[in-house]
Amino acid sequence: MKVGVLALQGDFEAHAAALRRARPRVEIVEVRQSHHLEGLAGLIIPGGESTTMLKLMEYYGLFESLRAFGARKPVFGTCAGAILLATEVLNPAQASLGLVDLTVERNAYGRQLDSRVVRLSTHELGGDAELEAVLIRAPIIRRVGAGGRVLVRYQNDPVLVEIGGHLVATFHPELSPDPRVHERFLSRLEP
Ligand code: GLN
């Protein structure tokens, strides 16, 4: 099975490593051009800086092909990737792929609290162990559209949501050793 990681900017290499930890035999494709999307079972859009990634997507002519890909196949967006997937972006408003019906507010934890590591309870990911969540200048999901399923919350706000066949995290599961979030995404892909 081939899984893509959008490799324009941000921590795409950490996602590739996390995918390998979760499933050593998965084939990973770094996506920088539209034709790299061919034959992929799913795609990860990493964390980084969503404004920069948006500009690079437009520069490399990827915006429309990513939208078309996400209309057919599962996409997993983390942090900046979550911002790029949401239908509505606040603080400030910004264009996005609009593939998942969410409202996200960028940099929503405030300056002094903008990065932290927390441990969260979840019963949705298999096992009762707490999930480590690394939040780096993270957005907050302010609204989850119809059919969205919140898998993990932090301070009562959703931080991991399954919606419309896609997966969205406001934290960075690729920076923690726990493979459960990547496993969850991989388990939904069809080769
Ligand atoms: N603050 C970044 C943004 O708004 C996201 C940060 C991240 O991906 N860790 O795009």
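Each value, and the rule that gives it
Starting from 1, residues in each chain are numbered consecutively following that chain's sequence as written. Local features in this predicted model are restricted to residues of pLDDT 70 or higher, and side-chain atom pairs are both shown and tallied only at a pLDDT of 80 or more, whereas totals for entire chains, interfaces and linings draw on every residue. Heavy atoms throughout the structure, all of them, feed into the side-chain values; hydrogens and water do not. Only runs of H or I of at least four residues qualify as helices and only runs of E of at least two qualify as strands under DSSP, and these elements are numbered from the N terminus. As defined in this context, the radius of gyration uses C-alpha atoms, and a globule is described by 2.2 Å times the residue total to the power 0.38. Working definition: with a 1.4 Å probe on protein chains only, accessible area under 20% of the residue-type maximum means buried, over 50% means exposed, and in between means partly exposed. Methods summary: accessible areas were calculated by the Shrake-Rupley approach with a probe of 1.4 Å, and residue burial reflects only the protein chains presented. Should DSSP find at least two bridges between two strands, the strands are taken to pair. A fitted line through C-alpha atoms serves as each axis, taken over the contacting stretch for helices, and the angle formed by two N-to-C directions is quoted from 0 to 180°. When the centres of two rings from Phe, Tyr and Trp lie within 6.5 Å, Trp using its six-membered ring, the rings pair. Their planes under 30 degrees apart give stacked, over 60 give edge-to-face, and anything left gives tilted. We call a residue near a molecule or strand whenever a single non-hydrogen atom of that residue lies within 4 Å of it. Polar contact is the term for a pair of N or O atoms within 3.5 Å; when the atoms are in protein, one must be able to donate a hydrogen and the other to accept it, and sequence-neighboring residues count only if both atoms are side-chain atoms. Put plainly, a pocket is an open set of points on a 1 Å grid over the protein atoms alone with protein on both sides within 12 Å along at least five of seven lines, a cavity is a set where a 1.4 Å probe fits but cannot get out, and a lining residue has an atom within 4 Å of a point. Here the criterion for a molecule occupying a pocket or cavity is that more than half of its atoms lie within 2 Å of the pocket grid points. Each residue is assigned to one class: nonpolar for Ala, Val, Leu, Ile, Met, Phe, Trp, Tyr, Cys and Pro, charged for Asp, Glu, Lys and Arg, and polar for all the others, Gly among them.

## Re the overall build of the protein
Along its length, the protein carries five helices and twelve strands. A globule of 191 residues ought to have a C-alpha radius of gyration of about 16 Å, and the protein, at 15 Å, matches this closely. In terms of overall dimensions, the protein has C-alpha extents of about 40 × 40 × 30 Å along its principal axes. Per-residue burial over the protein gives 53% buried out of 191 residues. Accessible area for the protein stands at about 8500 Å²; split by element, carbon and sulfur atoms hold 48% of it.

## What about the sheet that holds strand S9 (residues 140-144)?
With mixed pairing, the three strands of this open sheet are ordered in space as S5-S6-S9. Only two strands of the sheet have a single neighbouring strand rather than two, namely strand S5 (86-90) and S9. Ignoring strand direction, the axes of neighbouring strands in this sheet form an average angle of 25°. The sheet contact formed by S5 and strand S6 (residues 100-105) spans four bridges and is parallel.

## Looking at the packing of aromatic side chains
What describes a pair of aromatic rings is the distance from one ring centre to the other and the angle between the planes of the rings. A complete count under the given rule lists three aromatic pairs for this structure. Relative to tyrosine 60, the ring of tyrosine 59 has its centre 5.1 Å away and its plane inclined at 85°; by these criteria the two rings are edge-to-face. Ring geometry for phenylalanine 76 and phenylalanine 185: centres 5.4 Å apart, planes at 40°, overall tilted. Linking phenylalanine 76 in strand S4 (residues 75-78) with phenylalanine 185 in helix H5 (residues 180-187), this pair joins segments that are 109 residues apart in sequence.

## A short note on the site of the ligand
Inspection of the region around the ligand gives Gly47, Gly48, Glu49, Ser50, Cys79, Ala80, Ile83, Arg106, Asn107, Ile136, Arg137 and His172 as its neighbouring residues. The side chain of serine 50 places a nitrogen or oxygen atom 2.7 Å from an oxygen atom of the ligand. Arginine 106 places a side-chain nitrogen or oxygen 2.7 Å from an oxygen atom of the ligand. Protein burial of the ligand: of its 300 Å² of free accessible surface, 96% is covered by the chains. Judged by the fraction of its atoms near the pocket grid, the ligand is located in the largest pocket. Within the shell around the ligand, the residues separate by chemical class into four nonpolar, five polar and three charged.

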